[in-house]
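# Notes for the structure review
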Amino acid sequence: SSGINAESQWCVGYPIVVAVGYLVTDWKNQFLWSSLIILLCGSPIIFLIETPRYYAIRNKMDDAKRSIQRIAAINGIDLDINEIDIKRSDEGEILKQRPELTLK
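Scope of this entry: the structure provided in the associated data block. As the structure is a prediction and not an experimental result, all values here were calculated from the model.

Secondary structure assignment for the protein yields 5 helices and 0 strands. What you see in the protein, going N to C, is helices and strands ordered as α-α-α-α-α. Expressed as a percentage of the 104 residues in the protein, the buried residues total 11%. In the protein, of all internal contacts separated by at least 6 residues, the share reaching a separation of at least 24 is 15%. In the structure as shown, the protein presents an accessible area of about 9300 Å², 60% of it carried by carbon and sulfur atoms.

Structural data, given as structure tokens:
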């Protein structure tokens with residue numbers, strides 16, 4: 001899904017840049033408008049939530065629990081963080097439990 005998101009940004013961003021270049025003829029104003037558009041499009045990254053998997057891989061289980069709680073709150077689910085039990089297992093153990101995941 002991240003590849004689709006990256007491609008959709010090009011599909012939306014390129015026509016916007018062309019429109020700014022066509023409508024704004026002064027080069028200083030083109031830079032100004034382009035900078036404002038970049039700031040507006042890049043600002044939502046501040047509000048993104050790290051995935052619980054990211055924290056679990058780095059052995060930050062409390063942060064992973066808080067991330068799960070925030071995701072649950074966004075989805076309207078009341079979740080007690082003390083009920084969450086996260087255990088990290090090595091990839092080897094997962095492959096032993098699920099043989100269909102082994103590489104051939």
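Looking now at the nonpolar core. Of all hydrophobic cores here, the largest spans 6 residues; its members are Tyr55, Ala56, Met61, Ala64, Ile84 and Ile86. Those elements that provide at least two residues to this core are helix H3 (52-57) and helix H4 (61-74).

The next point concerns the environment of Cys41. Residue position: Cys41 is located in helix H2 (residues 27-42). Separated by 32 residues in sequence, Cys41 and Gln9 place their C-alpha atoms 9.5 Å apart.

Attention now goes to the packing of aromatic side chains. One pass over the structure, following the stated rule, counts 2 aromatic pairs. Between Tyr54 and Tyr55 the ring centres are 5.5 Å apart and the planes differ by 70 degrees, which places this aromatic pair in the edge-to-face class. Under the relative-accessibility criterion, Tyr54 is labelled partly exposed at 33%.

Reading guide: rules and limits
Residues numbered from 1 in each chain as written. Predicted model: local features only at pLDDT ≥ 70, side-chain atom pairs only at ≥ 80, totals over all residues. Heavy atoms only, no water. Helix = DSSP H or I, 4+ residues; strand = E, 2+ residues; numbered from the N terminus. Buried < 20%, exposed > 50% of the residue type's maximum accessible area, 1.4 Å probe, protein only. Contact = heavy atoms within 4.5 Å. Areas by Shrake-Rupley, 256 points an atom, 1.4 Å probe, with all protein chains shown as cover. Core = buried A, V, L, I, M, F, W, Y, C linked by side-chain atoms within 4.5 Å. Phe/Tyr/Trp six-rings, centres within 6.5 Å; stacked < 30°, edge-to-face > 60°.

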